[in-house]
Amino acid sequence: MVTMTVIARTAYRSIGRRSFATNLYAVGEGWTGALGTGRFDQIIVGHEDNDDDEFESNGSDQNMPVKLLLTESTGAENPNFTSVAVGWGHTAFISNDKLYVTGRPHDFSNLLRLRRLPRFLRDYSVRRSAQTAGSRQHEDDQNGNIDPTSLVGRFVNYMSDNFLNNDWDAAREQSILAVPTLVNLPDNEVPVSVECSAGVTAVLTKSGAVYTFGLNSYGQCGIGIGSNNVWQPTRVVGLSADYSSGPRNEMPQSFPIKSVKLGLQHALCLNSEGELFAFGKGDRGQLGREPVVSEQLWAAPVTKSMGLPEGEDIDISSISSASDTPAIMKPIFQKLKPIQQIGAGLLHSAALDINNDVFIWGKNILPKQYAFDKPGALAADARLPYRLSGLPAHLQVLALSCGSHHTAVLVEDGSVWAVGVSSDTREPMHEPVMMVPPGLVEMPVQQFECHMDRTTIVGADGQQVLQVHLWKDPELQEYAIFTPTWVDRLLESNATTKIRSVHRSWIHTVIATD
């Protein structure tokens, strides 16, 4: 068992260590500001799978990924991008030990509302937001940053109907950022990695602390209090697995955090000792703790796992509640072993422990026979980490990641397996499906990461980029693997380009290259 642990940790480090990139490109819709070009009217083809069918190749800049607009303050002369992340309407990156954000880092419901507007009305509302700032429109400050107050207007706020009067001062400073804008951390903390979700940004620092900002209505910022928004980076509290006789949110952090993952409205943190923590919304079991709570305002340890007995199918027609469950169906509970990797989807979570076991928990994770109180349900929620069976037992798991409704796993022979809700059906798939066969992926990979409805793999040479959907239909599975159209465009413009990582969200994609 010790040998397996050493191999697993070495494999994790080899994938987790990323060299820096020198360019950031973007495709998708620019009305959120997340493309970071200073324009809101751009649509750069390549984000959607059918973009080539909708736009003719006419040689215009709409067919070529655009570079994010970098000023002197963002290291334009010597860029060094060490971490990149995208939210639903914003992009964040770290360059030269500084954090930058562009787009709408505090939006969620507003984005959905604006998205539903006809395009001409949405474009008009965004354009009006830039015109109502008077003489300060598009003025640069002494540091070369575009003043974000010039990009927030009453029209957008009227259309969105989101901000309260007492939030206006803070909201106008950070609601819409047209270009990458510096975000300072408290106490001179140095950022080393960044994660984004629908409306939250989490920053891991060199000291092992975690800072968050964004929406916080369910405690998803983990700062110990509930509020509509957290406008400035604030430290996550409760990151200790020690016994607490007092308020857990007042306990000092026990060990440095090494990984952070964000779901829709929840978050996971993993420290250097393999201890796992969760906070935020938990109504579907995505926090992995009992009892299930609607919100967790500070980080709390996840310590227990569950497994289901393996056996023959059982007639569940006579089972109406958990108390009627036969012994053969009762879960087996165990203490979690130290964790090495974590992942977070919209309403579910995942982890890999040092014994090569994969655990998933949250919405629709368990087979339907465990949905006792929901007749006709397709699946049941897992309130605790549930050990996934069906992966190749003799192969080491190198990486795992969560999309919006699925979890994917890369094993040492280069094959990729997944469970969850497929792209062609609403019914969850609980038995792992091989999405990518051995021998296709160029190992070791530069990146393995799920993005919304797909999994992205960047091969060893930096020029192989594969995206794959989880399909249930066997015929569709044969055509599940493809290369995004923007890859050929980048390589045609510069054949020596090396792609380091891909970051795909709702309506835009950011690509890091060197």
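Numbers given for residues are sequential positions, taken from 1 along each chain in its written order. Given that the model is predicted, a residue must reach a pLDDT of at least 70 before its local features are reported, and side-chain atom pairs must reach 80 or more before they are shown or counted; all residues, however, enter totals for whole chains, interfaces and linings. Water and hydrogen atoms play no part in the side-chain values, which are based on all heavy atoms of the structure.

Q: Any chance you could explain the overall build of the protein here in plain terms?
A: If you tally the helices and strands in the protein, you get 8 helices and 31 strands. The burial tally for the protein puts 55% of its 514 residues in the buried class. Of all intrachain contacts in the protein linking residues separated by at least 6 positions in sequence, the fraction that spans at least 24 positions is 56%. Working definition of accessibility: Shrake-Rupley area with a 1.4 Å probe, residue cover restricted to the visible protein chains. Taken as a whole, the protein presents about 22,600 Å² of accessible surface, with 49% of it coming from carbon and sulfur. Numbered from the N terminus, helices here are DSSP runs of H or I no shorter than four residues, and strands are runs of E no shorter than two. Each residue gets one of three labels from its accessible area relative to the maximum for its type: buried under 20%, exposed over 50%, partly exposed in between, using a 1.4 Å probe on protein chains only. In what follows, a contact means two residues having at least one pair of non-hydrogen atoms within 4.5 Å.

Q: Any chance you could explain helix 3 (residues 109-116) here in plain terms?
A: Note: α-helices contain 3.6 residues per turn, so residues at a spacing of three or four share the same orientation. Every buried residue belonging to helix 3 is among Asn110, Leu111 and Leu114, and all of these are buried. The arc enclosing the buried residues of helix 3, seen along the axis, measures out at 100°, which places them on a common side. Arc definition: directions from the helix axis to the C-beta atoms.

Q: Please explain the packing of aromatic side chains as it appears in this structure.
A: Aromatic ring pairs: the centre-centre distance and the angle between the two ring planes describe each pair. Put simply, two rings from Phe, Tyr or Trp (the six-membered ring, in Trp's case) pair if the centres are within 6.5 Å, and we call them stacked under 30 degrees between planes, edge-to-face over 60, tilted for the rest. Scanning the entire structure with this criterion turns up 3 aromatic pairs. Ring geometry for Phe81 and Phe93: centres 5.3 Å apart, planes at 85°, overall edge-to-face. On the criterion of sequence distance, the pair formed by Phe81 in strand 4 (residues 81-86) and Phe93 in strand 5 (residues 90-95) is long-range, its members being 12 residues apart. You'll find Phe81 and Phe93 in the same group, each marked buried. Aromatic side chains Phe93 and Tyr100 sit 5.4 Å apart centroid to centroid with 25° between the ring planes, which places their arrangement in the stacked category. Looking at Tyr100, the relative accessible area reads 1%, which means it is buried. Taken together, the aromatic side chains of Phe81, Phe93 and Tyr100 make up a single cluster linked through ring pairs. Sitting above the plane of the Phe333 ring, Lys304 keeps its charged end 5.3 Å from the centroid. The rule is short: NZ of Lys or CZ of Arg within 6 Å of the ring centre and within 35 degrees of the ring normal puts a charge over the ring.

Q: What should I look at first to understand a negative patch on the surface in this one?
A: Patch members must show over 30% relative accessible area and no salt bridge, and they are joined within 9 Å when carrying like charges or within 5 Å when they are nonpolar side chains of Val, Leu, Ile, Met, Phe, Trp or Tyr. The term salt bridge refers to a side-chain nitrogen of Lys or Arg lying within 4 Å of a carboxyl oxygen of Asp or Glu. When charges are tallied, Lys and Arg are placed among the positive residues and Asp and Glu among the negative ones, while His and the ends of the chain are skipped. Just so you know, the charge point we use is NZ for Lys, CZ for Arg, CG for Asp and CD for Glu. Residues Asp424, Asp473, Glu475 and Glu478 make up a contiguous surface patch of negative charge. Looking at where Asp424 falls in the secondary structure, it is placed in the loop between strand 24 (416-421) and strand 25 (428-436). In this structure Asp424 comes out as partly exposed when scored by relative accessible area, which is 32%.

Q: Is there a simple way to think about the environment of Lys281 in this case?
A: Mapped onto the fold, Lys281 is located in strand 14 (residues 276-281). For Lys281 and Gln265, which are 16 residues apart along the polypeptide, the C-alpha to C-alpha distance reads 5.6 Å. Ignoring sequence-local partners within four residues, the contact set of Lys281 consists of Tyr218, Gln265, His266, Gln286, Leu287, Ser294 and Glu295.

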